[in-house]
Amino acid sequence: MRILKWLGIVFGGLFLLLIVFITFIYISSNSKLNAVESEEKFPVEIKTDSLSLAAGEHLAITRGCTDCHGPQLAGGIIMDNPAMGTIVAPNLTEGKGGIGGKLTTELWERAIRQGIGFDGRPLLIMPSDDYYYMTKNDLSNLLSYIKSVPPVDNELPELSPGPVMRMLLTFGEVETMPARIRQLKHKRQEEFVEGVNPGFGRYLSTNCISCHRQDMSGGKIKGGDPSWPPAANLTPHMEQGLGGWQKADFVKALREGKSTNGRELHPAMPRTFGYFTDEEIEALWLYLRSIPAIESEKE
Ligand code: HEC
Ligand code: HEC
């Protein structure tokens with residue numbers, strides 16, 4: 001009977017510790033999910049001419065909006081499992097269950113470029129640390145397009161992070177978008193000429209930061225699915241990077257999702273960049289040639 005009593009105390013103690021741990025994870029992750037202050041406010045001009053709408057559609061496709069929020073922008077469930085939780089990309093249209101009608105242009109800007117949701121809560125999944133760099137003009141074209149798409153009724157569950165996601169948040173393995181944006185070193189760049197030049201390429205390369213890092217040296221993707229391979233080194237480094245690559249190799253990687261040896265790239269590398277124009281891919285290539293060769297960080 002003594003043994004049983006001791007076992008009871010030990011298990012009771014362990015159980016209590018577990019409860020304390022779980023409570024800690026929930027309180028700590030909740031504090032990171034609380035509403036945050038917005039950096040700035042500015043209105044975005046909405047246009048209706050066909051050139052702006054076409055430019056906006058091109059942005060919605062290449063920047064991945066239609067990849068996660070669906071071809072009609074009606075949203076969808078990105079991930080649903082007990083560990084990571086239910087991750088939902090909201091319906092962006094003005095149909096039933098859509099947030100399109102609720103958002104002012106200022107709230108749209110805040111969600112896209114600052115990673116803050118309409119209710120003030122920090123976003124977790126959508127790569128606003130890349131979109132932080134979107135110019136006012138691109139943002140204006142993008143929103144003009146989004147507001148022009150037909151409303152679709154699609155009611156979705158709320159996003160709710162599961163215990164593993166909360167643990168990753170608590171220990172800093174996953175960071176909220178506003179936290180990631182605060183760590184960005186480069187300033188927003190509004191002055192460049194669109195065309196085949198490294199300045200435009202630099203602007204487009206901001207779409208690669210969330211995975212390939214700001215210096216393009218690649219490495220483990222913070223906040224990514226743990227099963228993903230590291231992001232490739234895109235600097236001209238001879239052994240690790242694209243030092244030995246030709247422009248055609250780069251075009252093939254983006255358009256066909258294949259590396260130089262014909263290997264199919266992991267789906268973590270978005271295929272949406274395959275819709276960049278020839279001009280955009282060439283500008284990106286020129287930029288990636290112009291930056292210093294940097295070794296990837298060892299893990
Ligand atoms: C990798 C997938 C992904 C991509 C790419 C993406 N989103 Fe999202 N988006 C999400 C998810 C998931 C949410 C839910 C909030 C979160 O991330 O925690 C969201 C939330 C939003 C919200 C709502 C914020 C709120 O008020 O709650 C807006 C607006 C939005 N996305 C617009 C866009 C636009 C515009 C683009 C393209 C520039 C885009 N998204 C690209 C996944 C994505
Ligand atoms: C969501 C994460 C993510 C984003 C965003 C992303 N990449 Fe990648 N990329 C990856 C991963 C992961 C790999 C490695 C894939 C593999 O090894 O199979 C990769 C591989 C590549 C490769 C192949 C390199 C090689 O050695 O074969 C190129 C080229 C590339 N990315 C270019 C880009 C460019 C340019 C951008 C921005 C316009 C970009 N990527 C944005 C995740 C990403």
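Our subject is the structure that appears above.
Now for a description of the structure that goes with this document. (Residues numbered from 1 in each chain as written. Chains lettered and ligands numbered in written order. Predicted model: local features only at pLDDT ≥ 70, side-chain atom pairs only at ≥ 80, totals over all residues. Heavy atoms only, no water.)

1. Topic: the overall build of the protein
Piece 1. Looking only at helices and strands, the protein has 12 helices and three strands in total.
Piece 2. If one aligns the C-alpha atoms of the protein with their principal axes, the spans along those axes are about 80 × 50 × 35 Å.
Piece 3. A fraction of 67% describes how many contacts in the protein between residues 6 or more apart in sequence connect residues 24 or more apart.
Piece 4. Looking at the protein as shown, the accessible area adds up to about 16,300 Å², and 59% of this sits on carbon and sulfur atoms.
Piece 5. Of the side chains in the protein, 31 bear a positive and 36 a negative charge, and the two mean positions are spaced by 7 Å. (Helix = DSSP H or I, 4+ residues; strand = E, 2+ residues; numbered from the N terminus. Contact = heavy atoms within 4.5 Å. Areas by Shrake-Rupley, 256 points an atom, 1.4 Å probe, with all protein chains shown as cover. Lys, Arg positive; Asp, Glu negative; His and termini not counted. Charge placed at Lys NZ, Arg CZ, Asp CG, Glu CD.)

2. Quick notes on the site of ligand 2
Piece 1. The full set close to ligand 2 counts 24 residues, and C208, C211, H212, S259 and M269 are the nearest of them.
Piece 2. The side chain of H212 places a nitrogen or oxygen atom 2.7 Å from a nitrogen atom of ligand 2.
Piece 3. Between ligand 2 and the protein, one listed contact pairs an oxygen atom with a backbone N or O atom of H266 at 2.8 Å.
Piece 4. When residues of the shell around ligand 2 are traced back to their parent elements, those giving at least two are helix 10 (209-212) and helix 11 (247-256).
Piece 5. Tallied by class, the residues present in the shell around ligand 2 amount to 18 nonpolar, five polar and one charged. (Near = heavy atom within 4 Å. Polar contact = N/O pair within 3.5 Å; in protein donor to acceptor, adjacent residues only side chain to side chain. Nonpolar A, V, L, I, M, F, W, Y, C, P; charged D, E, K, R; others polar.)

3. What about the coordination of the iron atom of ligand 1?
Piece 1. Those protein atoms acting as donors to the iron atom of ligand 1 are H69 (NE2) and M126 (SD), and they sit at 2.0 to 2.2 Å.
Piece 2. Considering all six donor atoms around the iron atom of ligand 1, angles at the metal cover 80 to 179° and the coordination shape is octahedral. Taken as a pair, H69 in helix 3 (residues 65-69) and M126 in the loop between helix 4 (105-114) and helix 5 (128-131) lie far apart in primary sequence, 57 residues in all.
Piece 3. Its relative accessible area of 23% is what places M126 among the partly exposed residues. (Donors = N, O, S within 2.8 Å, 3.2 Å for Na, K, Ca; no water. Tetrahedral: all angles 85-135°; square planar, octahedral: opposite > 155°, others 65-115°. Buried < 20%, exposed > 50% of the residue type's maximum accessible area, 1.4 Å probe, protein only.)

4. Section: the nonpolar core
Piece 1. Of all hydrophobic cores here, the largest spans 46 residues; its most connected members are L142, F250 and L288.
Piece 2. The biggest single contributor to this core is helix 12 (residues 278-290), with six residues.
Piece 3. Built from parts of two domains, this core gets at least three residues from each of domain 1 (50-182) and domain 2 (198-290).
Piece 4. If we ignore the near neighbours within four places in the chain, the residues touching L142 are G56, L59, A60, C65, I112 and M134.
Piece 5. Among the nonpolar cores identified, the runner-up in size contains seven residues, and L33, L124, M165 and L169 belong to it. (Core = buried A, V, L, I, M, F, W, Y, C linked by side-chain atoms within 4.5 Å. Domains from an automatic or database assignment.)

5. Here we look at the environment of K222
Piece 1. Relative to the helices and strands, K222 is located in the loop between helix 10 and helix 11.
Piece 2. Exposure remark for K222: the relative accessible area of 42% places this residue in the partly exposed category.
Piece 3. For the pair formed by K222 and S210, sequence separation is 12 residues and the distance between their alpha carbons is 8.2 Å.
Piece 4. Discounting residues that sit within four places of it in the chain, K222 has contacts with G172, E173, E175 and R180.

6. Considering the coordination of the iron atom of ligand 2
Piece 1. Distances from the iron atom of ligand 2 to its protein donors, namely H212 (NE2) and M269 (SD), fall within the range 2.0 to 2.2 Å.
Piece 2. For the iron atom of ligand 2, the six donor atoms in the first shell make angles of 85 to 180° at the metal, a pattern classed as octahedral. Separated by 57 residues along the polypeptide, H212 in helix 10 and M269 in the loop between helix 11 and helix 12 bring together distant segments of the chain.
Piece 3. Exposure remark for H212: the relative accessible area of 10% places this residue in the buried category.

7. Quick notes on the site of ligand 1
Piece 1. Around ligand 1 sit 26 residues in total, of which C65, C68, H69, F118 and M126 are the nearest.
Piece 2. With respect to ligand 1, the backbone of L124 contributes an N or O atom lying 2.8 Å from an oxygen atom.
Piece 3. With respect to ligand 1, the backbone of M126 contributes an N or O atom lying 3.1 Å from an oxygen atom.
Piece 4. Breaking the shell around ligand 1 down by element, the ones donating at least two residues are helix 3, strand 2 (85-89), helix 4 and helix 6 (136-148).
Piece 5. For the shell around ligand 1, a count of residues per class yields 23 nonpolar, three polar and no charged.

8. Looking at the side chain of E109
Piece 1. Mapped onto the secondary structure, E109 falls in helix 4.
Piece 2. If sequence neighbours within four positions are ignored, E109 has contacts with E40, F42, V44, Q114 and L139.

Everything listed here is a matter of geometry and, on its own, says nothing about what the molecule does.
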